[in-house]
Structures are given as structure tokens and as C-alpha cells.
Amino acid sequence: MNVKEKLMEITMQYSPIYLGALLVLFIGFKVIKGIIHMLDNTLTKSKVDMSLHSFIKSVASFILKIIVLITAATIVGIPMTTFIAVLSAAGLAVGLALKDSLSNFAGGVLILTFRPFNVGDFIEAQGYMGTVTTIHLLYTYLTTVDNKRVVIPNGDLANGKMINYSVEDTRRVDLIFGVGYQEDIVKVKGILNKISIEHPLILKDPEPIIRVAEHAESSINFAVKVWCKKEDYWSIYYDLQEQVKVTFDKEGISIPFPQRDVHIYQTLKNSD
């Protein structure tokens, strides 16, 4: 048997196998495309966050393609164990190389799934405070009150402590004002109460709380606790600071501040 006849024999023997494998790949990828399209429609109608759509579709497409490739490889005669071993080794190498990125990726999935915060929320995390502008799978972007952009890895954000100031509709403003020991505390309490009641942005319910909080070293400290809508927090915080100072000055109420007396002693030396 010459070479040509040998090649013809091999071709006739293995052609159906390879054609079958190619057919599996062709039909399999067509079916996957249809499944991903249906999944996309389902996700669009669901309440799943838009940022998570592409991730879910990518993972589903990857898994389905791996299944099709393994099926085609089995038809050709490649042992499934060998194919899986190669994939496992590749997966391990990629996992080691992208360890931090995978941690951030998992954190992003958790954030997008459980929604501890949303875009537009004002949060405090990892030593930063700001408004959430973007949530990606790897990083979350904040804009601080002085208009700086902060990028926080989702791995740290998902595993660390975080305060969300925007979850509730109302917030409480807590302030401390000190007056001298010689002042009439009943009068001071009345002034603070009047300022709190008359401010248009301070809520009437719950009522403002004004109490003597501490007998400090050089002052009587009053705690002022008032409620407001979350978007009015900083307006009230700064308004009260200013209005209390202006009113105390008009009423002649002293606000203690640190003072230091310096005494100079002159030593006379006896001359011989």
C-alpha cells in the first residue's frame, strides 16, 4: 500500500469523527448564542442590577462553551481527564497571577448582589467619605465633598466596615456648645431651644433634644441633638454653629476658650 492509499484510508476512517466534532462545535455554539440571548431578555425583565448583567452572561457563556469543547474533544478521542487536567492547570496559573483581582472581582459580585449601597449614596469606608458615583466589578468610585475621586478595591470594600449615610430618610445632627460656669444655664438652654425650633430645616418630630451634657474643666457643655432630612444635614450643621455664636454674643453669654497666664519674675543679684 502506497502513501496515497494510506492517506485515503486514514481520511475515510477519521473523517466522520472529525466531522462529528465540528458539527457538535457548530451546533453547540449556535445553541449557546440562543441561550445567552434568552438569558439577556430574562435579566432585562428582572430586578438584577445592570452592572451584573454582563458578568452573568459572560460566566454562563464560558461554562457552556467549555462543555461543548469537552464534548467535541471526547468525540475526537481526547480523554476527558486530560482535557480537564489542562483546564485545571491553566485555571490555577491564572488564579495565582490574578489573586488580588479575583478578590476584588468576588467583592464586586457580593456588592452588586447584596447592595449594601447604591450609586448616589454617601458612604464612609476605608478612611474615606464620599458619594458613590460608579460601581464596577473590580473597583468602586467615590467623589468626596471637595470633589476628589477615590477608587476603592471591591475586595477591601466588601470585607471591611462601611457606613451608609443615605439609607435612612432622616439624620440627627449632634453638636456640643460650651458656656462659662457663671452663665445662667436655664437661659442658655432656652436660647438653644429657640434657635432649634425656629430653624426651617429642623424637623419638629422627633423634637430637638437640648441637655446639659458635661461639667467640663472650664465650661458647662450643652448637647444639642436635632433631626433633619438627610440632604439638609450639612446646612443645619453649619447654620447652628453660626447662629449660636451670633446669639450668644448678643445675649452676652461667654464661650470659654483656652487661656494661659504668663508670669515674669525678676531676680535681683547682690553686687559685691
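Use the structure listed above.
Definitions and cut-offs
Residues numbered from 1 in each chain as written. Predicted model: local features only at pLDDT ≥ 70, side-chain atom pairs only at ≥ 80, totals over all residues. Heavy atoms only, no water. Buried < 20%, exposed > 50% of the residue type's maximum accessible area, 1.4 Å probe, protein only. Helix = DSSP H or I, 4+ residues; strand = E, 2+ residues; numbered from the N terminus. Pairing = 2+ DSSP bridges. Salt bridge = Lys/Arg side-chain N within 4 Å of Asp/Glu carboxyl O. Expected span 1.5 Å × (residues − 1). Arc of directions from axis to C-beta. Contact = heavy atoms within 4.5 Å. Polar contact = N/O pair within 3.5 Å; in protein donor to acceptor, adjacent residues only side chain to side chain.

Draft legend 1. Geometry of the pairing of strand S4 (residues 149-153). Burial along S4 is one-sided: the residues Val-150 and Ile-152 are buried and none of Arg-149, Val-151 and Pro-153 is. Strand direction decides the pairing type here: strand S3 (residues 139-143) and S4, joined by five bridges, are antiparallel. Bridge pairing links Thr-143 to Arg-149 in S4. Where S3 folds back on S4, the antiparallel hairpin that results is connected by five residues, among which Asn-147 adopts a positive phi of roughly 65°.

Draft legend 2. Just the pattern of salt bridges, in detail. Tallied over the full model, the rule gives six salt bridges. Here Lys-148 and Asp-146 are joined by a salt bridge, their closest N and O atoms 3.6 Å apart. Between Lys-225 and Asp-174 there is a salt bridge, with its nearest N and O atoms 3.8 Å apart. Within this pair, whereas Lys-225 is found in strand S8 (residues 220-229), its partner Asp-174 is found in strand S6 (residues 170-179), the two being separated by 51 residues in sequence. Using a relative accessible area of 25% as the deciding quantity, one classes Lys-225 as partly exposed. Given the relative accessible area of 36%, Asp-174 is considered partly exposed. Each of Arg-172, Asp-174 and Lys-225 takes part in a single network of salt bridges with overlapping partners.

Draft legend 3. Spotlight on helix H6 (residues 185-198). Its 14 residues give H6 an end-to-end C-alpha distance of 20 Å, which sits within 8% of 20 Å, the value for a rise of 1.5 Å per residue. Listed as buried for H6 are Val-188, Ile-191, Leu-192, Ile-195 and Ser-196. End-on, the buried residues of H6 take up no more than an arc of 130°, which puts them together on one face. Exposed residues on H6 whose side chains face more than 90 degrees from its buried face are Val-186 and Glu-198. Turning to H6, the residues buried within the fold contact S6, strand S7 (209-215), S8 and helix H7 (233-251). Here H6 starts with a cap whose side-chain oxygen sits 3.0 Å from the backbone nitrogen of Val-186, and that cap is Asp-184.

Draft legend 4. Summary view of the pairing of S8. A large share of S8 lies buried, amounting to seven of its ten residues. Examined bridge by bridge, S6 and S8 share ten bridges and lie antiparallel to one another. Paired with Asp-174 across the bridge in S8 is Lys-225. Between the end of S7 and the start of S8, which pair antiparallel, lie four residues.

Draft legend 5. Layout of the side chain of Ser-196. Along the polypeptide, Ser-196 turns up in helix H6. The class for Ser-196 is buried, based on a relative accessible area of 2%. Setting aside residues up to four positions removed in sequence, Ser-196 forms contacts with Ile-202, Pro-208, Ile-210, Val-224 and Val-226.

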